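Letter by letter, the chains look like this.
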Amino acid sequence: MTKKKIMLASIADVKKFVSVVSMYDFEVDLSSGRYAVDAKSIMGIFSLDLSNPITLTAHTDSGEKFFAEIKDFIVED
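What counts and what doesn't
Residues numbered from 1 in each chain as written. Predicted model: local features only at pLDDT ≥ 70, side-chain atom pairs only at ≥ 80, totals over all residues. Heavy atoms only, no water. Helix = DSSP H or I, 4+ residues; strand = E, 2+ residues; numbered from the N terminus. Rg over C-alpha atoms; globule rule 2.2 N^0.38 Å. Buried < 20%, exposed > 50% of the residue type's maximum accessible area, 1.4 Å probe, protein only. Contact = heavy atoms within 4.5 Å. Pairing = 2+ DSSP bridges. Axes fitted to C-alpha atoms, helices over the stretch in contact; angles between N-to-C directions.

With that settled, consider the overall build of the protein. Along its length, the protein carries three helices and five strands. The N-to-C order of helical and strand elements in the protein reads β-α-β-β-α-β-α-β. The C-alpha atoms of the protein give 11 Å as radius of gyration, which agrees with the globular expectation for 77 residues (11 Å, within 12%). For the protein, the spread of C-alpha atoms along the three principal axes comes to 30 × 25 × 20 Å. Residue burial in the protein is summarised as follows: out of 77 residues, 39% are buried. In the protein, 66% of the contacts between residues at least 6 apart in sequence involve partners at least 24 apart.

See the structure below:
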């Protein structure tokens, strides 16, 4: 399991992020405060507070390719 802080600043960012995450078999969660949602759910993501960085949790030990694809959204490791 790997955690990163990401920022999704626009609707286009959310759509692009979900399209990348949906290509992977492992589970990816996003959390803001005490709320957590499936990162493959556009509606779930929009229920979070996107004005601040959110926590991404990838449930995999081999996510190098995944993190390379979403590097533009990562704000801190």
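Here the focus is the pairing of strand 2 (residues 28-32). Each regular strand shows side chains that alternate between the opposite faces of the sheet. Side chains V28, L30 and S32 project from strand 2 onto a buried face, and the interleaved D29 and S31 project onto a face without burial. Of the pairings in the sheet, the one linking strand 2 to strand 4 (residues 54-58) comprises four bridges and is antiparallel in character. Among the inter-strand pairings, D29 is bridged to a residue of strand 4, identified as T57. Between strand 2 and strand 3 (residues 35-38), which pair antiparallel one after the other, the connecting turn spans two residues, and G33 there sits at a positive phi close to 65°.

This next bit is on the sheet that holds strand 1 (residues 2-6). With antiparallel pairing, five strands are arranged side by side in an open sheet as 3-2-4-1-5. Among the strands making up the open sheet, the edge pair consists of strand 3 and strand 5 (74-76). Direction aside, neighbouring strands of the sheet carry axes that sit 40° apart on average. Note that strand 2 and strand 3 share four bridges and pair antiparallel. By the bridge assignment for strand 3, S32 is matched with Y35.

Geometric descriptors of this kind do not, in isolation, establish any biological role.
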